[in-house]
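So you can see what is in the structure, the chains are spelled out below.
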Amino acid sequence: MQKYDGEKGVEAMNINGFLLGIAKAAAKGEEGSEWLKYLDHMAIFSAEEADAETKGKFMDELDAILTGYEKAMEMQDGEDSLSIWLKMKDEETISEMVMVAGSDASVILMRGQIPLSEMGNIIADQQ
């Protein structure tokens, strides 16, 4: 994500420490915010406004990186797509969750100690 951060049409943001604390406090009580307490780092990346070449390079590199993750879910709605990838700490705990909107070349990376049971709640909220 950092490699592409300076490219035209690309936006990237790392959220941890103090900023993540503010985000957790601001989201408190909002629908779907319960699982934020398990996070210690978030990164948000969007190449939606980038040219096709930049998007293609980024998505190709991302595909190679995601081979180390397990695909938990994939949804398609017309041209829009969303996939969720997991890296497990153990059988009950997710250490990294990557949400990829392929059509927008956008990614949300979440790191922490997320109970696998929370993943079911996230999926249920999306349906």
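Residues numbered from 1 in each chain as written. Predicted model: local features only at pLDDT ≥ 70, side-chain atom pairs only at ≥ 80, totals over all residues. Heavy atoms only, no water.

*Asks:* What exactly am I supposed to notice about the overall build of the protein chain here?
*Replies:* Across its full length, the protein chain holds three helices and six strands. Reading the protein chain from its N end, one meets helices and strands in the order β-α-β-α-β-β-β-β-α. In summary, the protein chain has a C-alpha radius of gyration of 15 Å against a globular reference of 14 Å for 127 residues, a match within 12%. Along the longest, intermediate and shortest principal axes, the C-alpha atoms of the protein chain span 40 × 30 × 25 Å. Of all 127 residues assigned to the protein chain, the portion counted as buried reaches 38%. Sequence separation of at least 24 residues holds for 51% of the intrachain contacts in the protein chain that already meet a minimum separation of 6. As displayed, the protein chain has an accessible area near 7,800 Å², and 49% of this comes from carbon and sulfur atoms. When the 11 positive and 26 negative side-chain charges of the protein chain are each reduced to one mean point, those points stand 7 Å apart. (Helix = DSSP H or I, 4+ residues; strand = E, 2+ residues; numbered from the N terminus. Rg over C-alpha atoms; globule rule 2.2 N^0.38 Å. Buried < 20%, exposed > 50% of the residue type's maximum accessible area, 1.4 Å probe, protein only. Contact = heavy atoms within 4.5 Å. Areas by Shrake-Rupley, 256 points an atom, 1.4 Å probe, with all protein chains shown as cover. Lys, Arg positive; Asp, Glu negative; His and termini not counted. Charge placed at Lys NZ, Arg CZ, Asp CG, Glu CD.)

*Asks:* Before we go on, may I ask you to explain the sheet that holds strand S6 (residues 106–115) in this structure?
*Replies:* Paired through their backbone hydrogen bonds, the strands of a sheet run either parallel or antiparallel. Reading across from one edge, S1-S2-S6-S5-S4-S3 is the order of the six strands in this open sheet, with antiparallel pairing throughout. Bordering the open sheet on either side are strand S1 (11–16) and strand S3 (70–77), each of which pairs with just one other strand. Each adjacent strand pair in this sheet contributes to an overall mean axis angle of 10°, direction not counted. The pairing of strand S5 (residues 93–101) with S6 spans eight bridges and is classified as antiparallel. If you follow Glu96 over to S6, its bridge partner there is Arg111. Seen against the sheet, helix H1 (residues 17–27) touches S1 and strand S2 (39–46) and runs at an angle of roughly 85° to S1. (Pairing = 2+ DSSP bridges. Axes fitted to C-alpha atoms, helices over the stretch in contact; angles between N-to-C directions.)

*Asks:* What is the right way to look at the packing of aromatic side chains in this model?
*Replies:* Aromatic rings considered in pairs are described by the distance between their centres and by the relative angle of their planes. Tallied over the entire structure, the rule returns two aromatic pairs. Taking the centre distance of 5.6 Å and the plane angle of 80° together, the rings of Tyr4 and Phe58 count as edge-to-face. Of this pair, Tyr4 sits in the segment before S1 while Phe58 is found in helix H2 (residues 52–65), placing the two residues 54 residues apart along the sequence. Neither Tyr4 nor Phe58 differs from the other in exposure class; each is buried. With a centroid separation of 4.1 Å and an interplanar angle of 25°, the aromatic rings of Phe45 and Phe58 are classed as stacked. Taken together, the residues span a long stretch of sequence, with Phe45 in strand S2 and Phe58 in helix H2 at a distance of 13 residues. (Phe/Tyr/Trp six-rings, centres within 6.5 Å; stacked < 30°, edge-to-face > 60°.)

*Asks:* Would you mind showing me how to read the pairing of S3 here?
*Replies:* Within a regular strand, side chains alternate between the sheet's two faces. Of the strand pairs in this sheet, S3 and strand S4 (residues 80–90) are connected by seven bridges, and their pairing is antiparallel. Bridge pairing in S4 links Glu70 to Leu86. Counted along the chain from S3 to the antiparallel partner S4, the turn is two residues long, and its residue Gly78 has a positive phi close to 65°.

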